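# Remarks on the overall topology
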Amino acid sequence: MTTTTVTRELNALDRCDRCGAQAFVRAVLETSGGELFFCGHHGRAVEAKLRPMTIEWQDETARLYEKPVYDDED
């Protein structure tokens, strides 16, 4: 069986399954293909145990340090 995952940039609507904060980590489970979402804090807390069970570990925590870009035309 071939499993295909679709990677997209996480956005403000994606929420941590543990605390409800904005998710910056997405884990796709190998066995079921189900997705788990985590904030940066909880993603780091479960990574060592959970990552070997995933087919994809999408970590966008680097975005936490990006400076926002504002449109000056408004």
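Residues numbered from 1 in each chain as written. Predicted model: local features only at pLDDT ≥ 70, side-chain atom pairs only at ≥ 80, totals over all residues. Heavy atoms only, no water.

### Description of the environment of Gly40
Tracing the backbone shows Gly40 in helix 1 (residues 40-50). Residue classification places Gly40 among the buried positions, given a relative accessible area of 7%. Each C-alpha atom of the pair Gly40 and Val25 lies 6.6 Å from the other, and the pair is 15 residues apart in sequence. (Helix = DSSP H or I, 4+ residues; strand = E, 2+ residues; numbered from the N terminus. Buried < 20%, exposed > 50% of the residue type's maximum accessible area, 1.4 Å probe, protein only.)

### Details of the sheet that holds strand 3 (residues 54-59)
If you walk across this open sheet you meet the three strands as 2-1-3, and the pairing is antiparallel. A single partner strand is all that each edge strand has here, and the edge strands are strand 2 (35-38) and strand 3. Strand after strand, the sheet turns through a mean of 15 degrees between neighbouring axes, direction not considered. Where strand 1 (residues 25-29) and strand 3 come together, five bridges link them in antiparallel fashion. Residue pairing for strand 3: Arg26 is matched across the bridge by Gln58. Each of strand 1, strand 2 and strand 3 is contacted by helix 1, which is oriented at about 135 degrees to strand 2, the strand it contacts most. (Pairing = 2+ DSSP bridges. Axes fitted to C-alpha atoms, helices over the stretch in contact; angles between N-to-C directions. Contact = heavy atoms within 4.5 Å.)

### Let's talk about the nonpolar core
By size, the foremost hydrophobic cluster in this structure holds eight residues: Cys16, Val25, Ala27, Phe38, Cys39, Val46, Leu50 and Trp57. Secondary-structure elements contributing two or more residues to this core are strand 1 and helix 1. Beyond its immediate stretch of four places on either side in the chain, Ala27 contacts Gly34, Glu35, Leu36, Leu50, Thr54, Glu56 and Trp57. (Core = buried A, V, L, I, M, F, W, Y, C linked by side-chain atoms within 4.5 Å.)

### Some words on the pattern of salt bridges
Inspection of every chain in the model, using the stated rule, returns five salt bridges. Residue Glu35 pairs with Arg26 through a salt bridge whose shortest N-O separation is 2.6 Å. Across the salt bridge formed by Arg51 and Glu47, the nearest N and O atoms sit 2.6 Å from each other. Judged by relative accessible area, Arg51 falls into the partly exposed class, the value being 41%. Residues joined by salt bridges that share partners form a network here, namely Arg26, Glu35 and Glu56. (Salt bridge = Lys/Arg side-chain N within 4 Å of Asp/Glu carboxyl O.)

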